[in-house]
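Analysis of the macromolecular model
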There are 2 protein chains.
Amino acid sequence: MLTWVDGLPAGDVPVTDRGLAYGDGLFETIAVRAGRPRLLERHLRRLSEGRTRLGMACDEALIESELLAFCSVLGDGVVKLILTRGDGLRGYAPPVGGQARRILQGGALPAYPLANAERGVSLYSCRTRLAEQPALAGLKHLNRLEQVLARSEWQDPAFAEGLMRDVSGRVIEGVFSNLFMARLGRLVTADLSRCGVAGVMRAEVLAIAQAAGISVEVRDIAYEELLQADEIFLCNSLYGVWPVIRLEERDWPVGPLTRKLQALVCDVLGS
Amino acid sequence: MLTWVDGLPAGDVPVTDRGLAYGDGLFETIAVRAGRPRLLERHLRRLSEGRTRLGMACDEALIESELLAFCSVLGDGVVKLILTRGDGLRGYAPPVGGQARRILQGGALPAYPLANAERGVSLYSCRTRLAEQPALAGLKHLNRLEQVLARSEWQDPAFAEGLMRDVSGRVIEGVFSNLFMARLGRLVTADLSRCGVAGVMRAEVLAIAQAAGISVEVRDIAYEELLQADEIFLCNSLYGVWPVIRLEERDWPVGPLTRKLQALVCDVLGS
């Protein structure tokens, strides 16, 4: 595996890194084609917003130049960029004047079954709920134990993803995807102001849908409402769009809105 | 700084470590005197409970033997033991048959002002709230961004600690301590079934108080109730007990119950 730390080839970080100690950092998972990162601006914008909200100092131009150089070496695949608050001494207080550590890991794109995109996926209904924490909601930060617990709930490969609800029961997202539903021609995705990860592909789907004249709502979704949706699909920045064809005892056909957006997203990902 | 990884002197971990990627792990901060860890059984018991709840496999005898060997090399100071779920490939699913990585870091005890224990401390009232997540409540896991944000709120050294409440406003704990209040001769500490870290020293104080015939309650605490307490104190496994003498506009003297428990805890810590 290709890995760089702070711009140089390296496979390790000090045990004093605050990313390890506290999950004090952010990450991005970026598709790379022909040496170029896809949806680069959206990834950098989310990273920048995350840094601002966590109060992490970093040279943004440096992050971008290292990422671009790394991608050109990688060629095709996926890059995981981790940004931590660097080394800590002791205690939670962020070090004064500290600089973020940049970690880049490159590998092949995950080998998801083609059928996931073509025929759709079954969604596992996770018991693990997302806590409501507005201070961290939307961020792709390194505190991901909820996702680890949720993903531990099933081993059956018949389920490609798991549905996560918040502690109040609202529908939020997949374990590693965002979720959309369509109802009477309108597209709906969850409001992420209390919890959830505001995915780069979610933002792209919202933009694409609006540009295509599709009505879009970002709001709370009750579980019962999801079960009555006309269409459901998942998205993330690696696989694009997966139709959902089964959840609990309910089945769905792959709908026209899902297919339309899937095709538009494919163009963006260049696949 | 003295550091071991998986039983051998080392200062780095692979960038693929799941502790770094997801905060997928646990930690303990242990006082060491004359080469021996204090409150060892309580630390090991909490670690074991955490491993069970997170589903992390590890050889417990190995952890203990490495910890004891490390402490005997360190002599006096503090040991931070981090246990992560080891290396991940990609994705949240825990690797099948994976073994936990053991990281030991040793250093001097923090140089807290003596006045903190003797005259008491002022408590900063943090705006950052603790999310309610029963699946993780009580654990000393590596997802600590809430504490990082809370500790970032103040730089004034006049505040030795910060008070954290949950999203519903209940009093829970300090940023790196647990909290007790006394009211009409009874000792009360927060119920930690929704959030918070069930500190080893909290458990010790509860046991000591009960053995001393002091009435103890573990239950929800409203903020208004805290402000009307007769005494408040903080505790953790490094500094023992700190009386709280100021919070918002309210002042407290150092009370008799606080002094009594502080003395009993000092005996346990061997200081």
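Keep in mind that this is a model prediction, so the values were computed, not measured.

The rules we used
- Residues numbered from 1 in each chain as written.
- Chains lettered and ligands numbered in written order.
- Predicted model: local features only at pLDDT ≥ 70, side-chain atom pairs only at ≥ 80, totals over all residues.
- Heavy atoms only, no water.
- Axes fitted to C-alpha atoms, helices over the stretch in contact; angles between N-to-C directions.
- Helix = DSSP H or I, 4+ residues; strand = E, 2+ residues; numbered from the N terminus.
- Left-handed = near helix turned anticlockwise from the far one by under 90°.
- Contact = heavy atoms within 4.5 Å.
- Nonpolar A, V, L, I, M, F, W, Y, C, P; charged D, E, K, R; others polar.
- Polar contact = N/O pair within 3.5 Å; in protein donor to acceptor, adjacent residues only side chain to side chain.
- Least-squares fit on C-alpha atoms with pLDDT ≥ 70 in both.
- Domains from an automatic or database assignment.
- Buried area = accessible area lost by both parts, 1.4 Å probe.
- Salt bridge = Lys/Arg side-chain N within 4 Å of Asp/Glu carboxyl O.
- Pairing = 2+ DSSP bridges.
- Phe/Tyr/Trp six-rings, centres within 6.5 Å; stacked < 30°, edge-to-face > 60°.
- Buried < 20%, exposed > 50% of the residue type's maximum accessible area, 1.4 Å probe, protein only.
- 1 Å grid on protein atoms, 1.4 Å probe; cavity = no way out; pocket = protein on both sides within 12 Å on 5 of 7 lines; lining within 4 Å.
- Points joined across faces, edges and corners; volume = space filled by probe spheres on them.
- Expected span 1.5 Å × (residues − 1).
- Arc of directions from axis to C-beta.

Residue and element names in this part refer to chain B. Contact geometry for helix 2 (residues 40–54) and helix 3 (residues 60–74): axes closest at 12 Å, N-to-C directions at 145 degrees. The way helix 2 lies across helix 3 gives a crossing that is right-handed. Contacts from Leu-40, Leu-44, Leu-47, Ser-48 and Arg-51 in helix 2 reach Glu-60, Ile-63, Glu-64, Leu-67 and Leu-68 in helix 3. Of the residues contributing to the contact of helix 2 with helix 3, the split by class is six nonpolar, one polar and three charged.

Before going further, it helps to examine the side chain of Thr-3 of chain B. Secondary-structure assignment places Thr-3 of chain B in strand 1 (residues 2–5). Separated by 2.6 Å, the side chain of Thr-3 of chain B and the backbone oxygen of Ala-10 of chain B make a polar contact. Aside from chain neighbours lying at most four places away, what touches Thr-3 of chain B is Val-15 of chain A together with Leu-8, Pro-9, Ala-10, Gly-11, Phe-70, Leu-104 and Gln-105 of chain B.

A word on the relation of the copies chain B and chain A. Rotating chain B by 180 degrees about the axis while translating it 0.0 Å along that axis superimposes it on chain A, leaving an RMSD of 0.0 Å. Put plainly, the chains are arranged around a two-fold axis. The overlap is high: 100% of the interface residues of chain B also sit at the interface in chain A, so the same surface is used on both sides.

Residue and element names in this part refer to chain A. When its domains are assigned, chain A resolves into domain 1 (2–107) and domain 2 (114–269). Relative to domain 2, the C-alpha centre of domain 1 lies at a distance of 26 Å. Counting residues at the interface gives 24 residues for domain 1, matched by 22 residues for domain 2. Together domain 1 and domain 2 conceal approximately 1800 Å² of surface at their shared face, both sides included; 63% is due to carbon and sulfur atoms. Our enumeration of links across domain 1 and domain 2 arrives at one salt bridge. When residues of the side of domain 1 that touches domain 2 are assigned to their parent elements, the largest contribution, eight residues, is made by strand 4 (residues 25–33).

Each partner contributes to the interface: chain B provides 56 residues, whereas chain A provides 56 residues. A combined buried area of about 4100 Å² lies between chain B and chain A, and 67% of that area is made up of carbon and sulfur atoms. Linking chain B to chain A there are zero salt bridges. Taken together, the links from chain B to chain A amount to 17 residue pairs in polar contact (both at pLDDT 80 or more). Of all the secondary structure elements, the ones that give two or more residues to the side of chain B that touches chain A are strand 1, strand 3 (12–14), helix 1 (18–22), helix 2, strand 6 (77–84), strand 7 (101–107) and helix 5 (145–151) of chain B. Per-element accounting of the side of chain B that touches chain A gives the leading share, six residues, to helix 5 of chain B. Residues of the side of chain B that touches chain A, tallied by class, amount to 30 nonpolar, 13 polar and 13 charged. When strand 3 (residues 12–14) of chain A meets strand 3 of chain B, the two strands line up antiparallel, connected through three bridges. Paired with Val-13 of chain A across the bridge in strand 3 of chain B is Val-13 of chain B.

For the coordinates displayed, the defined rule picks out 22 aromatic pairs over all chains. Between Tyr-124 of chain B and Phe-159 of chain B, the ring centres sit 5.4 Å apart and the planes meet at 80 degrees, which makes this aromatic pair edge-to-face. One end of the pair, Tyr-124 of chain B, is in strand 8 (residues 121–125); the other, Phe-159 of chain B, is in strand 9 (residues 159–165), with 35 residues separating them in the sequence. Under the relative-accessibility criterion, Phe-159 of chain B is labelled partly exposed at 27%. When the ring of Phe-176 of chain B is compared with that of Tyr-239 of chain B, the centres are 6.5 Å apart and the planes differ by 90 degrees; the resulting orientation is edge-to-face. Of this pair, Phe-176 of chain B sits in the loop between strand 10 (171–174) and strand 11 (178–183) while Tyr-239 of chain B sits in the loop between strand 14 (231–236) and strand 15 (240–247); the two residues are 63 residues apart in sequence, bridging distant segments of the chain. Phe-176 of chain B sits in the partly exposed class, given a relative accessible area of 25%. The exposure class of Tyr-239 of chain B is buried, given its relative accessible area of 12%. One aromatic cluster is present, built from ring pairs that chain together Tyr-112, Phe-176, Tyr-239 and Trp-242 of chain A.

This paragraph deals with the pairing of strand 1 of chain B. Each regular strand displays side chains that alternate between the two surfaces of the sheet. Residues and elements named next belong to chain B. One ladder, built from four bridges, connects strand 1 with strand 7; its direction is antiparallel. Paired with Thr-3 across the bridge in strand 7 is Gln-105. Sheet analysis places strand 1 next to strand 2 (residues 8–9), joined by two bridges and oriented antiparallel. From the neighbouring strand, Val-5 faces strand 2, where its bridge partner is Leu-8.

This brings us to the environment of Arg-144 of chain B. Residue and element names in this part refer to chain B. Mapping Arg-144 onto the fold places it in the loop between strand 8 and helix 5. For Arg-144, a relative accessible area of 5% gives the class buried. In sequence terms Arg-144 and Glu-66 are 78 residues apart; their C-alpha atoms lie 25 Å from each other. A polar side-chain atom of Arg-144 sits 3.0 Å from a polar atom in the side chain of Gln-147.

Residue and element names in this part refer to chain B. Reading across the sheet, the six strands line up as 2-1-7-6-4-5 and stay open at both edges, with antiparallel pairing between neighbours. In this open sheet, the two strands that pair with only one neighbour each are strand 2 and strand 5 (36–37). Relative to the sheet, helix 3 contacts strand 1, strand 4 (25–33), strand 5, strand 6 and strand 7, its axis offset from that of strand 7 by approximately 20 degrees.

Summed over all chains, the structure comprises one cavity of 30 Å³ or more. By volume, the largest cavity is sized at about 440 Å³. If you trace the largest cavity, you find 33 residues lining it, with Ala-131, Leu-136 and Glu-146 of chain A together with Ala-131 and Glu-146 of chain B closest to the centre. Residue assignment for the lining of the largest cavity shows that the elements contributing at least two residues are helix 5 (145–151) of chain A together with helix 5 of chain B. Residues that form the lining of the largest cavity fall into these classes: 14 nonpolar, 11 polar and eight charged.

Let us look at helix 3 of chain B. Residue and element names in this part refer to chain B. The end-to-end C-alpha distance of helix 3, which contains 15 residues, comes to 21 Å, matching closely the 21 Å that a straight helix rising 1.5 Å per residue would cover. Listing the buried residues of helix 3 in full gives Ile-63, Glu-66, Leu-67, Phe-70, Cys-71 and Leu-74. The buried side chains of helix 3 occupy one side of the element, clustering within an arc of 135 degrees when seen end-on. Residues of helix 3 that are exposed and point more than 90 degrees away from the buried face comprise Ala-61 and Val-73. Tucked into the core, helix 3 has its buried residues touching strand 1, strand 4, strand 5, helix 2, strand 6 and strand 7. Positive phi appears at Gly-75, one or two residues downstream of helix 3, with a value of about 85 degrees.

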